[in-house]
Each structure stands twice: as C-alpha cells, then as structure tokens.
Amino acid sequence: MRTLKFLFLTVMTCSSLLAFAAEKMTAPQLISLAQSHSATLADAIHATFSAKALQEGTAWAGLGHDFFFALQSATPPAIFIDGVAGPQMESVDASGLWYAVAHIEELGTLHSFYYQVSGARFGGDLNLPAFGPDSYPQAGAPPGKLSEKLVHTSKIYDGMKSEYWVYVPAGYDPHVSAALMVFQDGGGYIHRDGNNPALNVIDNLIAQKKIPVMICIFINPGDVTDAPGTPTYHFVQAFAAQWNRTLKDSMRSTEYDTVSDRYVRFLRDEIIPELSAHYNLRKDAYSHAITGLSSGGICSFNSAWQMPDQFSRVISWIGSFAAIQWKEDPAIPDGGQDYPEKILREPARNLRVWLQDGSNDQENDRYGSWPLANIRMANALKLKNYDFHFSFGEGNHNSGHGAAEFPAEMIWLWRDYDPARTSQTYEIEPAEKAKPLFRVSIASRNPR
C-alpha cells in the first residue's frame, strides 16, 4: 500500500513539473531547472521563448544579477557579455538546444550580449537591462492602486478618444496636495513585471522618501477613428496617406511630434482638470513632471518647453527630436529637429531635463538621426547652462536603457524637492558644468 502511495505521489510530482515547464518561466525558475539538471528544462525553454528567438540568438531572461540565455545551434556556441567571454554554454539535449547561466554584476544599467558560432558573430541583443532592487516590489513599500482603464473624449482634438489610467500611491492623503507625473504611451508602464516596471519604482522611492508622494497619469495616444469629418481627422488621415502609416499611429504622431502647445493644452485643460475633480493635486510646475519614450520623449520636452508654468521636470527616453511633423501644418514652422536651435536662440525656460539615447538608435531616411539629434540637444542644453543630464549608451530604439536606470532618473529629477516650496530656479550642476561638451567619433565603419 505504501509503495502504491509512493508511486502515485511520484507520478503526480512529475506531472506537476511537466505542467509547470509547459508555462512561460522566469529567469530564477529556468536557472533552478538548469542547476538541478531537470528533465523538464528543454520543455521550459521552448515554453518561455519563441522558436524565432531561439534560432536568431535573442532569447534571454533576467532578474537582478541573474540571467539565463538559450540558443538553438547545430554547432557549439560561445557567449560574450559586454564584449567579454561569458560562461560556457551547456547542451540541453541532442536537438542542438544550448543554455548559459550568467551573473551580471552592475545593476541599474544596460548591458549587451552576442554569440560566436563557428568563429562568426551571431545573434545577441544590445538591450539587456539589469534592473536593480528598486525596480522590483520591496518589503516595506506598500503598493499603490492603479485605476481601471478610463476614456476621455477630447474637444481640443475634435472627438479624439484617449485611454488612461490613474495611479495613486499608498501614501496619498487627500488632505495633502500631491505632486503629479504624466507618462506618455502610458499603457507600456503599468505592468509591474513588464519591460518598464515604473509602478515598483514609484512605490519604492516614495517609501524611501527619495521622491514625493505623487499621483501619476498613464495616458495612451488617442484614437480619432470615431470622429470622421473633423479637422483633426482630415489632418491625421492625410498624414497617414502621405507617409503610409496607420490612422492610429498618425494620431499619435500628431499629438506627440508636433512642435506646438496643443498637446500640453490638452493635458492642462482636459486631462488634469478631470483628475483634479477626484484627487488633491499640486498646481505648481515645480511639482509637475512629464515623461515618455521616442515620440513620447519629444512630446514630454515639448510640453514643458511650451508651458514651463505647467511642467518643469522632464525625462525623455530615445526622444524623437526629428523632422517627423516638420511642415505638415503650414501654420507650424518648426519640427522636432529644430529644438537644439530653439534652445540656443529662444528665451531660457526653467526646466530640469534627463535625456537618454544610444549610439545604435535610428538613422531614418525620412526624419533624420536620433543619436545625433539627442547629442545636439544635450550640447544645446549644456551651452545654455540648463539643469540637465545626458545618459548615452550603445542601445538602439528600445526602452531597455531608460527603464534600467529609471530609479536613478527619478531620484535625480526630484532631488532636493521641498513640499513647502512652489518654485525653484534650476541651475546646472557644478560637476556637469565642469565637463566638456559631447563629441562624436565614427565607430561603425571600423573593422571588428
């Protein structure tokens, strides 16, 4: 009887492991299977990564210092992390499936990897973020509450519908006015286990008193599909036809890439009042921050530039300071590529700005160079003694770098914040002022 019971439990345990391995797994789970030489490792790898990622050499998973890499290769591969030979690849089975478990020391920044197969470089990824502890849920940092998805219908954009979420931290007191931060492409930031775990960071840094209690708006680009016949619809439709873009993507560009005050008026006159009806918000620009990536990056800077009385703190990841909406509207002469000169020639704004980009960002035959544009932005801000920081790595048009250092960005952006104040004159940091301007060198044509 005891033997039958043991066999039954053994079968149940094996079945559970197989079922577990059939689901997508985390890096620690994969590493545990690998270290225990589990027979379910191959199934777990195939359940976690797509066949395409395994074949192209782009499959990886990470948590903190610990990373798991997998590759389908007929010949033994070698892995290189940040250009240095990594751990030996291990064979999973006779099918040509390989894996490596690696420890990456430096957290809160971007790393990269690639393989060598038969002496040739293969696969890899320039965007390997190693998240630090502040990007994960921490004991002692109570989680805030994310609202259900809300929908706003705009008058400024002629019936455009925008989805957004409101995040209220655990420390919010309705009797005390809270700071405000707006995230463009907001749906990409609301998942704690996603690529941009902003909610974890906000909870942790508020609990550590490194940033103020703040209410956050995570807003998606709008959709004008249900408003045919309006001026906005006609403009967006024409832009979509001219550049072979979808209507929804063209609406995003119309909001985010246009160098005007229209989008920030949309926030000031429609979205923020809607939020203020339910929450006690600070009204001073000193307590308002705005962020986004790509077109959302230039949108964030543009909003603060156009209305520094509304937003004074900006984070831009891989910002599209490019000619995307240049001359699309004859009434708006400037394009995103003009911002370096606008910074140099127009009256200074009281802004604090964190820029991030990578040397492998886009070179676009329609709109220009993302890396060079961001370097020009940084130098213009430096020449005019703005309170700015420029984080430039090797990544491409990807959120990995910005997301990995988001805790550091937020601490820098909100440093010396005093809730008793409503204003501050930002000044360039002495350490930044002492540094030289950014210079470029041509590296892509050098033989490797």
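Please refer to the structure higher up on the page.
Conventions and cut-offs
Residues numbered from 1 in each chain as written. Predicted model: local features only at pLDDT ≥ 70, side-chain atom pairs only at ≥ 80, totals over all residues. Heavy atoms only, no water. Patch = residues over 30% accessible without salt bridge, like charges linked within 9 Å, V, L, I, M, F, W, Y side chains within 5 Å. Areas by Shrake-Rupley, 256 points an atom, 1.4 Å probe, with all protein chains shown as cover. Salt bridge = Lys/Arg side-chain N within 4 Å of Asp/Glu carboxyl O. Lys, Arg positive; Asp, Glu negative; His and termini not counted. Charge placed at Lys NZ, Arg CZ, Asp CG, Glu CD. Helix = DSSP H or I, 4+ residues; strand = E, 2+ residues; numbered from the N terminus. Buried < 20%, exposed > 50% of the residue type's maximum accessible area, 1.4 Å probe, protein only. Pairing = 2+ DSSP bridges. Contact = heavy atoms within 4.5 Å. Axes fitted to C-alpha atoms, helices over the stretch in contact; angles between N-to-C directions. Polar contact = N/O pair within 3.5 Å; in protein donor to acceptor, adjacent residues only side chain to side chain. Expected span 1.5 Å × (residues − 1). Phe/Tyr/Trp six-rings, centres within 6.5 Å; stacked < 30°, edge-to-face > 60°.

Enquirer: So what about a negative patch on the surface? Which residues, and what values?
Expert: On the surface, Asp 82, Glu 105, Glu 106 and Glu 394 cluster together into a patch of negative charge. By the secondary structure assignment, Glu 106 is in the loop between strand 6 (97–103) and strand 7 (109–117). Looking at Glu 106, the relative accessible area reads 52%, which means it is exposed.

Enquirer: Go over the sheet that holds strand 1 (residues 59–63), please, and point to the residues and values.
Expert: If you trace the four strands from one edge of the open sheet to the other, you get 1-2-6-5, paired in antiparallel fashion. Single-partner strands in this sheet number two, and they are strand 1 and strand 5 (90–91). With five bridges joining them, strand 1 and strand 2 (residues 66–72) adopt antiparallel strand pairing. What sits directly across from Leu 63, in strand 2, is Asp 66. In the packing of helix 2 (residues 27–35) onto the sheet, the strands contacted are strand 1, strand 2 and strand 6, and the crossing angle to strand 2 comes to about 70°. Sheet contacts for helix 3 (residues 41–48): strand 2 and strand 6; angle to strand 6, the most-contacted strand, approximately 85°.

Enquirer: Report on the side chain of Ser 73, specifying residues and quantitative values.
Expert: In this structure, Ser 73 sits in the loop between strand 2 and strand 3 (77–81). Side-chain polar atoms of Ser 73 contact the backbone oxygen of Thr 75, separated by 2.6 Å. Residues within four places of Ser 73 in sequence aside, it is in contact with Gly 96, Trp 98 and Val 117.

Enquirer: Quick rundown of the pattern of salt bridges? Include the residues and the values.
Expert: Scanning the entire structure with this criterion turns up 18 salt bridges. A salt bridge links Arg 415 to Asp 387, with the shortest nitrogen-to-oxygen separation between them at 2.9 Å. Of this pair, Arg 415 sits in the loop between helix 13 (406–413) and helix 14 (430–433) while Asp 387 is found in strand 19 (residues 387–393), placing the two residues 28 residues apart along the sequence. Of the two residues, Arg 415 and Asp 387, both sit in the buried class. Counted as one network, the salt bridges with shared partners bring together Arg 352, Asp 387, Arg 415, Asp 416 and Glu 429.

Enquirer: Can you tell me about helix 6 (residues 231–243), naming the residues and giving the values?
Expert: The end-to-end C-alpha distance of helix 6, which contains 13 residues, comes to 19 Å, matching closely the 18 Å that a straight helix rising 1.5 Å per residue would cover. Where the residues of helix 6 are buried, they touch helix 7 (247–256) and helix 8 (262–276). Of the residues one or two after helix 6, Asn 244 is the one with positive phi, at around 55°.

Enquirer: So what about the packing of aromatic side chains? Which residues, and what values?
Expert: All told, the structure shown has 27 aromatic pairs when counted by the stated rule. Residues Phe 131 and Tyr 136 carry aromatic rings whose centres are separated by 6.4 Å and whose planes lie at 85° to one another, so their mutual orientation is edge-to-face. Measuring from centroid to centroid gives 5.6 Å for Tyr 256 and Tyr 263, while their planes differ by 85°, and the two rings are edge-to-face. Here Tyr 256 falls in the buried class, since its relative accessible area comes to 0%. A connected cluster of aromatic rings, assembled from ring pairs, spans Trp 60, Phe 67, Phe 69, Phe 113 and Tyr 115.

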